[in-house]
Amino acid sequence: MVLKLSIDEELCTACKLCQQVCIRDNIIVEDFAVETESNCFECGHCMAVCKAGAITLKSFEGHEDRISEYNSREIPVDYDDLLQLLKQRRSVRWFKNKKVDKETFDKLFEGAYYSPSAQNSQDVEFVVLDEKLDEFMELVYDIIKVQEDEFFRIKEFGDYLKDPSTKEFHPLLWGGKQLILTFSNDKTSAVIANTRIELLAYSLGLGGFYSLFILKADEIDHDRLMEFFPEIDSSKHMYSSFIIGYPKVRFRRTIPHKEINVIYK
Ligand SMILES: Cc1cc2nc3c(=O)[nH]c(=O)nc-3n(C[C@H](O)[C@H](O)[C@H](O)COP(=O)(O)O)c2cc1C
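Residues numbered from 1 in each chain as written. Predicted model: local features only at pLDDT ≥ 70, side-chain atom pairs only at ≥ 80, totals over all residues. Heavy atoms only, no water.

Things to note about the site of the ligand
- Taken together, Arg89, Arg90, Ser91, Arg93, Trp174, Phe209, Tyr210, Ser211, Leu212 and Phe213 make up all the residues around the ligand.
- A distance of 2.9 Å separates a nitrogen atom of the ligand from a polar backbone atom of tyrosine 210.
- Between the ligand and leucine 212, the relevant distance is 2.9 Å, taken from an oxygen atom to a main-chain nitrogen or oxygen of the residue.
- If you list the elements that add at least two residues to the shell around the ligand, you get β7 (207-210) and α8 (212-220).
- Broken down by class, the residue content of the shell around the ligand amounts to five nonpolar, two polar and three charged. (Near = heavy atom within 4 Å. Polar contact = N/O pair within 3.5 Å; in protein donor to acceptor, adjacent residues only side chain to side chain. Helix = DSSP H or I, 4+ residues; strand = E, 2+ residues; numbered from the N terminus. Nonpolar A, V, L, I, M, F, W, Y, C, P; charged D, E, K, R; others polar.)

Have a look at this one:
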């Protein structure tokens, strides 16, 4: 049996909290906690709940700087503040010339680091397209052009690539110059991770919008698309595409929306 946990028997107080939170029945506590099964999926709940700090995940030894204690009774964000941030969110398509730098991207990707993932796979990967954005968009067009009769935007995009001077703005990127792509084996995990980045971006005064048409490239010819990203396991799909930058337009008020339909039963 491959043990995934380091348990300090001296520190363990046998409180059984770890056994209680383990959804794989992986821990049994008698005089102290013992790992009993080999199906630990390294969710780390035993480690996070332990009052004595007696458990660590072996595979993350050396990453102690990533562990920080917090008081779970203190909710760090107010409901009204968070709702206000959500209210003020707009899709932003017009950006200042200033680009998002690496340090700021690193801050955004911290949000993804703490994101949940299906079966704790932690397999979400990102690509930031900047210098190679135009080259990538040419590939996107080459893949999605099969649908240009269905979507006028794709046709416009083709016209733009043939002669950019015919359009004031890029028909898919608008004023955008940087693009975050999200890859995973699981769509929901990818979208959740990207949403966290998006929200952190708003908290830093950044903005952006999701692009449906770029995602079509994955739906139409996944294998060809993935040739552009040899660094990423080609079994993963591009599930999110978010254009990001510093907003040029300032919105001033919220917009009426359709009522949210919620069924309680
Ligand atoms: C999955 C998804 C795909 C989208 N695709 C595009 C797109 O291809 N181009 C675009 O300009 N906006 C795109 N949007 C932005 C929507 O058009 C936008 O959310 C909507 O117009 C409402 O505006 P708001 O986001 O400011 O509330 C997309 C949004 C989502 C969630």
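Some remarks on the pattern of salt bridges
- In total, this model carries eight salt bridges according to the counting rule given.
- Glutamate 156 is the partner of arginine 153 in a salt bridge, and the nearest nitrogen-oxygen pair spans 2.9 Å. Here the residue arginine 153 and the residue glutamate 156 both occupy positions in helix α6 (residues 152-162), the gap between them amounting to three residues, near one helical turn. (Salt bridge = Lys/Arg side-chain N within 4 Å of Asp/Glu carboxyl O.)

Topic: the packing of helix α5 (residues 133-144) against α8
- Where α5 contacts α8, the two axes come as close as 9 Å, and the packing angle between them is 60 degrees. Between α5 and α8, the angle falls in the class oblique. Crossing hand, α5 versus α8: left-handed. When α5 is examined against α8, the residues Phe136, Met137, Val140, Ile143 and Ile144 are found in contact with a partner set consisting of Phe213, Ile214, Lys216, Ala217 and Ile220. (Axes fitted to C-alpha atoms, helices over the stretch in contact; angles between N-to-C directions. Parallel < 35°, antiparallel > 145°, perpendicular 65-115°, else oblique. Left-handed = near helix turned anticlockwise from the far one by under 90°. Contact = heavy atoms within 4.5 Å.)

What to know about the pairing of strand β8 (residues 237-245)
- In terms of burial, β8 is largely enclosed, as seven of its nine residues are buried.
- By the bridge criterion, seven bridges tie strand β6 (residues 178-184) to β8 in an arrangement that is antiparallel. Each residue of the ladder has a partner; that of leucine 179, found in β8, is isoleucine 243.
- Taken together, the four bridges between β7 and β8 define a ladder with antiparallel strand orientation. Counterpart to glycine 207 in the pairing with β8 is glycine 245. (Buried < 20%, exposed > 50% of the residue type's maximum accessible area, 1.4 Å probe, protein only. Pairing = 2+ DSSP bridges.)

Observations regarding the nonpolar core
- With 31 residues, the main nonpolar core has Leu129, Phe136, Leu181, Ile214 and Phe229 as its most contacted residues.
- Listed by contribution, the elements that provide at least two residues to this core are β5 (125-129), α5, α6, β6, α8, α9 (222-226) and β8.
- Examining the composition of this core, we find that eight residues originate from one element, α5, more than from any other.
- Ignoring any residue separated from it by four or fewer positions in sequence, one finds phenylalanine 136 in contact with Leu129, Leu179, Leu181, Ile214, Leu225, Phe228, Phe229 and Met238. (Core = buried A, V, L, I, M, F, W, Y, C linked by side-chain atoms within 4.5 Å.)

Observations concerning the domain arrangement of the protein chain
- As assigned here, the protein chain comprises domain 1 (5-66) and domain 2 (79-245).
- Contacts between domain 1 and domain 2 engage five residues on the former and six residues on the latter.
- Between domain 1 and domain 2 lies a buried interface of about 460 Å² when both sides are counted; carbon and sulfur atoms form 35% of it.
- The largest share of the area that domain 1 buries against domain 2 comes from Phe41, Phe60 and Arg66, three residues that together contribute 81% of it.
- Along the contact surface separating domain 1 from domain 2 lie one salt bridge.
- Glutamate 110 is the partner of arginine 66 in a salt bridge, and the nearest nitrogen-oxygen pair spans 2.8 Å.
- Where domain 1 meets domain 2, there are five residue pairs in polar contact (both at pLDDT 80 or more).
- When grouped by side-chain class, the residues that make up the side of domain 1 that touches domain 2 number three nonpolar, no polar and two charged. (Domains from an automatic or database assignment. Buried area = accessible area lost by both parts, 1.4 Å probe.)

Regarding α6
- Burial in α6 covers these residues: Ile154, Phe157, Gly158 and Tyr160. On an axial view of α6, the arc spanned by its buried residues comes to 160 degrees, and they lie on one face. More than 90 degrees from the buried face of α6, the exposed residues found are Phe152 and Lys162.
- Packing partners of the buried residues in α6 comprise α5 and α8. (Arc of directions from axis to C-beta.)

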